Amino acid sequence: MIFPVSPGADADSFIQLASNCVNNSFPFHCGSSVRPIGIIFYYAMLVKLFPDMVRLSYVILLLNLFYIFGIYFIVNKLFNKNNHVSTSLYLFFIVAINLVCLLPVSMSDLIALFMFFLGTYLILEKVNLAISSSRNNWYIFCSGLLFALACLFKQNYGIFGIVVAFILLCFNLNKEHGLLHNKIAFIKRILFFILGFSLVLLQVGAIVYKFHIVGLFVPFPVPNHQPFIEMVAYYNVINPIHDYPPGYYYTMLDRHVNQVFFYVYKIIYGLSHTDLMIYHGDRPTSTNIVNIDISDYFKVFLYLLVFAVMGILLFINNKIAEYYKILFIAALLISLVISLTFHVENRYYVLPRILLFSLFIPILQHVKYLFTKGKLSNEH
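Report follows, based on the coordinates. (Residues numbered from 1 in each chain as written. Predicted model: local features only at pLDDT ≥ 70, side-chain atom pairs only at ≥ 80, totals over all residues. Heavy atoms only, no water.)

Relative to the helices and strands, S57 resides in helix α3 (residues 53–79). Within the local environment of S57, its side chain forms a polar contact with the backbone oxygen of M53, the two atoms lying 2.8 Å apart. (Helix = DSSP H or I, 4+ residues; strand = E, 2+ residues; numbered from the N terminus. Polar contact = N/O pair within 3.5 Å; in protein donor to acceptor, adjacent residues only side chain to side chain.)

Structural data, given as structure tokens:
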């Protein structure tokens, strides 16, 4: 059973690219118009070390498990300061339910997400913006390097890393540590981050070398406009449907809607659906139609209301750690970036879903504190 690889699908393409990379003139046959060189080299190393496909599959599975538990460990460090068992269980559920779809496949998402969270952890937990020190600059450099590695494994996670770093380093919510307070320190922080992030130039150079264009990948036509909401991958190995070859289908709106509502609906759709598998067995129809009605408008309004309440509860209390507020803004901005620029797949919203659902912890703790404070005041 070669379970981490789905023959003919995206997951298998990484193994094919890696095999071509190993079996031909390295590294000149390691390029791809879409896949970044980091993930090709990563799987090429695994193919070289484990040429037997069955053994390779188990190694990939174990590595994927390592990344999932590594992501959980970092998330727990960031959101469970008091080490509550119930909070740990909740965060493990949030991480597991979002990442289980990536466990049995040879994709790039997990390692890129792991690098993203490592970079985020360094810049949030290890950097002290109140002081200017070489240690700070070293951590900022390493954070930029990790975000660059995330980009070399999957390009969009590099963009997500820039969003987090941009908010923290450029528009810090604490005015004493922000851009306007100390321009010299701000410039130093940005320069060290750029120096670390400059590793992405390897990908730019690879695209220029092979395809003679400047970019992180060669643009390809994937619908990112109405009525297309989400691309869903499917694969039927045992009994493929003859009139629809194995591949993918789109979730689509049944009619044209307001453009702003369209983008917001994509965000809500991505944040409210958790896919337990990337590849589905049968293609249900030629398209999966979403019939827009009043309930959808109410759903969008309800989610926007929840986000507004979350924001208010996060920002009204100065005792809540500042980086929770930063992660809240980052999660919403990342969701917006996905909606506006990427063809949407459910797994793209894994990151903002983990961040937003994890933020319920400090919010609930704040609500509990207010309730307890009010109760004590009434007793006195």
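On to the packing of aromatic side chains. Counted under the stated rule, the structure contains 24 aromatic pairs. When the ring of Y67 is compared with that of F114, the centres are 5.6 Å apart and the planes differ by 40°; the resulting orientation is tilted. On the criterion of sequence distance, the pair formed by Y67 in helix α3 and F114 in helix α5 (residues 109–126) is long-range, its members being 47 residues apart. Take Y67 and F114: they sit in the same class, and that class is buried. When the centroid spacing of 6.1 Å and the interplanar angle of 35° are considered together, the rings of Y265 and Y269 count as tilted. In this pair, Y265 and Y269 are both assigned in helix α10 (residues 259–272), 4 residues apart and thus about one turn of the helix distant. Both residues of the pair, Y265 and Y269, belong to the buried class. (Phe/Tyr/Trp six-rings, centres within 6.5 Å; stacked < 30°, edge-to-face > 60°. Buried < 20%, exposed > 50% of the residue type's maximum accessible area, 1.4 Å probe, protein only.)

Note that E230 resides in strand β1 (residues 228–234). No salt bridge is formed by the buried E230; its nearest oppositely charged neighbour, R353, is found at 7.5 Å. Here N346 takes part through its backbone nitrogen, which lies 3.0 Å from a polar atom of the side chain of E230. Once you skip the residues sitting within four places of it in the chain, E230 turns out to touch Y249, Y250, T251, Y269, V344, E345 and N346. (Lys, Arg positive; Asp, Glu negative; His and termini not counted. Salt bridge = Lys/Arg side-chain N within 4 Å of Asp/Glu carboxyl O. Contact = heavy atoms within 4.5 Å.)

The next subject is the state of the cysteines. Linking two cysteines covalently through their sulfur atoms gives a disulfide. Per the counting criterion, the structure on display carries 1 disulfide. A sulfur-sulfur separation of 1.8 Å characterises the disulfide bridge that pairs C21 with C30. Note on the C21 and C30 pair: the S-S dihedral is about 75°, so by sign convention the disulfide is right-handed. Neither C21 nor C30 differs from the other in exposure class; each is buried. (Disulfide = S-S within 2.5 Å.)

On to the nonpolar core, then. Where a protein is soluble and globular, its nonpolar side chains tend to be buried together. Y43, I71, F79, L99, F117, Y265 and L351 are the most contacted members of the largest nonpolar core, which totals 106 residues. Setting aside residues no more than four positions away along its own chain, F79 makes contact with T87, L91, Y324, L327, L355, S358, L359, I361 and P362. (Core = buried A, V, L, I, M, F, W, Y, C linked by side-chain atoms within 4.5 Å.)

Axis angle and axis distance: for two packed helices, these are the angle between their axes and the distance between the axes, and together they describe the pair. Running from N to C, helix α4 (residues 85–99) and helix α13 (residues 350–358) point in directions that differ by 165°, and their axes come no closer than 10 Å. With respect to α13, the axis of α4 lies roughly antiparallel. Judged by the twist between their axes, the crossing of α4 over α13 is right-handed. In contact with Y90, L91, I94, V95, N98 and L99 of α4, α13 contributes V350, R353, I354, F357 and S358. Taken together, the residues that form the contact of α4 with α13 break down as 8 nonpolar, 2 polar and 1 charged. (Axes fitted to C-alpha atoms, helices over the stretch in contact; angles between N-to-C directions. Parallel < 35°, antiparallel > 145°, perpendicular 65-115°, else oblique. Left-handed = near helix turned anticlockwise from the far one by under 90°. Nonpolar A, V, L, I, M, F, W, Y, C, P; charged D, E, K, R; others polar.)

Our next topic: unusual backbone geometry. Cis geometry marks the peptide bond from Q226 to P227; its omega dihedral reads 5°. By the secondary structure assignment, P227 is in the loop between α9 (201–211) and β1. A positive phi angle is found at N83, which is not glycine, with a value near 55°. With respect to the secondary-structure elements, N83 resides in the loop between α3 and α4.

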